[in-house]
Amino acid sequence: MAAPSKQKTRWHIAVFLAPAVLVYTAVMIYPLFNTLRLSLYSEIDQERIWVGLQNFRTLFGDAIWSDQFWNALANNGWFFLIHMLVQNPIGIALAAILSSPRLRFSAFYRSAIFIPTILSFVIVGFAWKLILSPIWGIAPGMLDAIGLKFLYQPWLGKEEYALTTLSLVSVWQYVGIPMMLIYAALLSIPDEILEAGECDGITGMAAFWKIKLPLILPSIGIISVLTFVANFNAFDLIYAAQGALAGPDFSTDILGTFMYRTFFGFQLQLGDPHMGSAIASAMFGIILIGVCIYLFGIQRRLRNYQF
Amino acid sequence: MTALKLENVNKFFGSVHVLKDINLTVEEGEFVVFVGPSGCGKSTLLRVIAGLEDASSGTVTIGDDVVNTVPPAKRGIAMVFQSYALYPHLTVKDNMGLGLKQEGQPRAVVEERVSKASKMLDLEEYATRRPAELSGGQRQRVAIGRSIVRDPKLFLFDEPLSNLDAALRMNTRVEIAELHRTLSASMIYVTHDQIEAMTLADRIVVLRDGRVEQVGTPMELYNNPANRFVASFLGSPSMNFLERSVPGVPDGQTIGIRPEHLRLAQSGRISGRVTHVERLGGDTNLLVNTDQGETVTVRLFGQDPTEVGDVVRLEFAADDAFYFNEAQERIFEAAA
């Protein structure tokens, strides 16, 4: 009696899950594990052979490789730090301003600030290259117009500025995302709580620091981890603006561009899918560790509030 | 001294006229209840008093000061919200103390006032809990505690009991009444529940469509309603309004009789058939369909053997009847 009814009720679960599972496996799970597998092989005399962890030994032990790796990782860390210190605070501030009911044209500002996010990285990278160019750029002229020409530097061309400049371009492009997430979180705070604050004399900036900010901390946590993952996977903007060599002199090289160069080859460097996979696996490990620290170390301490 | 004085207060939301020429005085220590159906403007009026909304015209005076342009925190009021509106991220103690800290009160004063309020409301053991860890009734007490510590000239309650279940509502009602006696503070209380209004109020303000319909003590309003709306709003079960069933009432006039003023009598003026009986133990409510097709509620004290389908005659004392004209206003010369 029970057996046929069990069959009847069970098989549809598999049917409905199948499309998503198949697609996800094909585009995410299989490539991930294949990349991890590929990093354990090498090609010698046009033959793929098992080398175990040899690729990782090369990556971290061989000075030529490890210098590049640590350079890319350090640059990536700086890239992430700038996003955390500039993009997210500005995003939160913009959201706080937008959520003020007295602001006029807030829908317009919201869209205007969000538009760069939907632009292609090619357009953004190229447009900023043109803007900042010492030859055709409008940046020198604009600074001149307000008498600040002495501040101008060929920012993308100098080793000490290039990475920071590109980080800020990326901030400009993506600041709409934290803004939107925080904006939604701020709107979900019930009016009555803010009115209770008003009766307690907590208005304006005090209301932000003492009521709104503690209540949006969970959203800020989510944004931080999204920023971390996105930054350590970043590649496109650097590639569009500086090319795969991430110049000048690798000063804008991040893990994504390093991996791309290694995997596919660039100019005189031959592509090496196995070393490339080793770098990709290392990136995966770094992101995994970062996300785990967030999930187990930070998110548990954040309270989610039900209103 | 008066605690609150409203003079010709009007409020528009865009072109919608929400409050129409409100005039009202609340004396020191008085418990005033605003009552009315939803959408009558009672909450808006409370928010205008609190300063969460600005009056479009007219003056609001709290104590001796005109407060039209004074922000809520400086008006000397404290408000208890329907949803409690506690700060979810703060403990009970900090919820109560935040306003005082913001004022810049010394830590010792904050501690002292918070612990005094906690003691008064039996919240001491919950001092370090957060709102999410409290029951509805406890949250409500924290919200009341938050208003007490501010030591306001005027307490404002916005439907504070409507999120509680029936048993708790009764208890909290008693607690609020006791609080009023202990603090002897002026309080304004908004509700749509006429029982809360009748049991708590020194004076009731009945509002409809943004207008004050009548102001008076609960018994004044009950015994002497100014119009049919007030008569129907107070009292439970509500007053019967009959146009045809009582012989001798002129056309266009309505006679109003409270259910408890009707009694079964052999020679009664109203005759009809019982369609429903509610036996509450202490009371018995009959629904009677009169021969003229109107429905009458009769409230009999004690238990009564009347069954559904019985034909009954009902009688009432002339003094207990109210008469209303077509404009629904009360008319005092009894009909022929």
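Residues numbered from 1 in each chain as written. Chains lettered and ligands numbered in written order. Predicted model: local features only at pLDDT ≥ 70, side-chain atom pairs only at ≥ 80, totals over all residues. Heavy atoms only, no water.

Undergrad: Residue-level account of the overall build of chain B, with values.
TA: Scanning chain B from N- to C-terminus turns up 8 helices and 19 strands. By its C-alpha atoms, chain B is 75 × 45 × 35 Å across when sized along the principal axes. For chain B, the proportion of its 336 residues judged to be buried stands at 53%. If you take every contact in chain B between residues at least 6 apart in sequence, the share linking residues at least 24 apart comes to 64%. For chain B, the accessible surface area stands at approximately 15000 Å², while carbon and sulfur atoms represent 46% of it. In chain B, 36 positive and 45 negative side-chain charges are present, and the distance between their average locations comes to 6 Å. (Helix = DSSP H or I, 4+ residues; strand = E, 2+ residues; numbered from the N terminus. Buried < 20%, exposed > 50% of the residue type's maximum accessible area, 1.4 Å probe, protein only. Contact = heavy atoms within 4.5 Å. Areas by Shrake-Rupley, 256 points an atom, 1.4 Å probe, with all protein chains shown as cover. Lys, Arg positive; Asp, Glu negative; His and termini not counted. Charge placed at Lys NZ, Arg CZ, Asp CG, Glu CD.)

Undergrad: I'd like a rundown of unusual backbone geometry, residues and numbers included.
TA: Leave glycine aside and you will find that most residues have negative phi; peptide bonds, for their part, are mostly trans. The omega torsion across Ser236(B) and Pro237(B) is -5 degrees, close enough to zero to call that bond cis. In this fold, Pro237(B) is placed in the loop between α8 (228–233) and β11 (240–242). Residue Asp45(A) is not a glycine yet carries a positive backbone phi of 50 degrees. Along the chain, Asp45(A) falls in the loop between β1 (41–44) and β2 (47–50).

Undergrad: Provide a residue-level description of the interface of chain A and chain B, including the pertinent values.
TA: In this assembly, 18 residues from chain A lie in contact with 21 residues from chain B. Among the residues chain A hides against chain B, the three largest losses belong to Glu192(A), Cys199(A) and Asp200(A). Together they make up 36% of the total. Inspection of the region where chain A meets chain B yields 2 salt bridges. Close ionic contact of Glu195(A) with Arg47(B) constitutes a salt bridge, the shortest N to O distance being 2.7 Å. Remark: the boundary between chain A and chain B carries 8 residue pairs in polar contact (both at pLDDT 80 or more). When residues of the side of chain A that touches chain B are traced back to their parent elements, those giving at least two are α9 (191–199) and α10 (204–232) of chain A. The residue makeup of the side of chain A that touches chain B, split by class, is 10 nonpolar, 2 polar and 6 charged. (Buried area = accessible area lost by both parts, 1.4 Å probe. Salt bridge = Lys/Arg side-chain N within 4 Å of Asp/Glu carboxyl O. Polar contact = N/O pair within 3.5 Å; in protein donor to acceptor, adjacent residues only side chain to side chain. Nonpolar A, V, L, I, M, F, W, Y, C, P; charged D, E, K, R; others polar.)

Undergrad: Please provide a residue-by-residue account of the confidence of the model for chain B, values included.
TA: Mean pLDDT for chain B: 91, with 99% of residues reaching 70 or above. Both confidence scores are given for the complex: pTM 0.82, ipTM 0.84. (pLDDT = per-residue confidence, 0-100.)

Undergrad: Quick one: what's the story with the sheet that holds strand β13 (residues 263–264) of chain B, residue by residue and with numbers?
TA: Residues and elements named next belong to chain B. On the basis of which strands lie adjacent, the open sheet formed by 5 strands has the order β13-β17-β14-β15-β16 and antiparallel pairing. Edge positions in the sheet fall to β13 and β16 (295–301), since each has one partner strand and no second. Alignment of β13 against strand β17 (residues 311–315), held across 2 bridges, turns out to be antiparallel. The residue of β17 that forms the bridge with Leu264 is Leu314. (Pairing = 2+ DSSP bridges.)

Undergrad: Talk me through the nonpolar core; I want residue IDs and the actual numbers.
TA: Within soluble globular proteins, side chains that are nonpolar generally end up buried alongside one another. Of all hydrophobic cores here, the largest spans 57 residues; its most connected members are Ile216(A), Leu4(B), Leu6(B), Phe34(B), Ile49(B), Leu156(B) and Ile188(B). Ranked by residue count, the leading element in this core is α10(A), at 9 residues. In this structure, Ile216(A) is in contact with Ile92(A), Ile182(A), Ala185(A), Leu186(A) and Ile189(A), ignoring residues within four places of it in sequence. Listed in part, the 43 residues of the second largest apolar core include Leu86(B), Leu134(B), Met198(B) and Leu200(B). (Core = buried A, V, L, I, M, F, W, Y, C linked by side-chain atoms within 4.5 Å.)

Undergrad: Any details on the packing of helix α2 (residues 54–61) of chain A against helix α13 (residues 273–298) of chain A? Residues and values, ideally.
TA: Relative placement of two packed helices is described by the angle separating their axes and the distance separating the axes. Residues and elements named next belong to chain A. With their axes 9 Å apart at the nearest point, α2 and α13 run at an angle of 75 degrees to one another. By the criterion of interaxial angle, the relationship of α2 to α13 is roughly perpendicular. Facing α2, whose interface residues are Asn55, Phe56, Thr58, Leu59 and Phe60, α13 presents His274, Met275, Ala278, Ile279, Ser281 and Ala282. Split by residue class, the contact of α2 with α13 holds 7 nonpolar, 4 polar and no charged. (Axes fitted to C-alpha atoms, helices over the stretch in contact; angles between N-to-C directions. Parallel < 35°, antiparallel > 145°, perpendicular 65-115°, else oblique.)

Undergrad: Can you break down the packing of aromatic side chains residue by residue, with the values?
TA: The description of an aromatic ring pair uses the distance of the two centres, along with the angle that the planes make with each other. As enumerated under the stated definition, the model contains 22 aromatic pairs over all chains in all. Measuring from centroid to centroid gives 5.4 Å for Phe208(A) and Trp209(A), while their planes differ by 80 degrees, and the two rings are edge-to-face. Looking at Trp209(A), the relative accessible area reads 52%, which means it is exposed. An aromatic cluster is built from Phe235(A), Tyr239(A), Tyr260(A), Phe263(A) and Phe264(A), whose rings are joined through pairwise contacts. The aromatic ring of Tyr87(B) is capped on one face by Arg146(B), whose charged end is 4.8 Å from the ring centroid. (Phe/Tyr/Trp six-rings, centres within 6.5 Å; stacked < 30°, edge-to-face > 60°. Lys NZ or Arg CZ within 6 Å of the ring centre and 35° of its normal.)

Undergrad: Quick one: what's the story with the environment of Glu315(B), residue by residue and with numbers?
TA: Residue and element names in this part refer to chain B. For Glu315, the location among the structural elements is in strand β17. Relative accessible area serves as the criterion here: at 13%, Glu315 is assigned to the buried category. Separated by 213 residues in sequence, Glu315 and Gln102 place their C-alpha atoms 64 Å apart. Here Glu315 is in contact with His261, Leu262, Arg263, Ala265, Ser267, Gly268 and Arg269, once residues within four sequence places are set aside. Polar side-chain contacts of Glu315 include one of 3.1 Å to the side chain of Arg269.

Undergrad: Break down the sheet that holds strand β1 (residues 2–13) of chain B for me, with residues and values.
TA: Residues and elements named next belong to chain B. Spatially, β2-β1-β4-β5 is the arrangement adopted by the 4 strands of the open sheet, whose pairing is antiparallel. Each edge of the open sheet is held by one strand with a lone partner, namely β2 (16–27) and β5 (65–66). Summarising the sheet, β1 and β2 pair through 8 bridges and their orientation is antiparallel. In the strand pairing of β2, Leu4 is matched with Val26.

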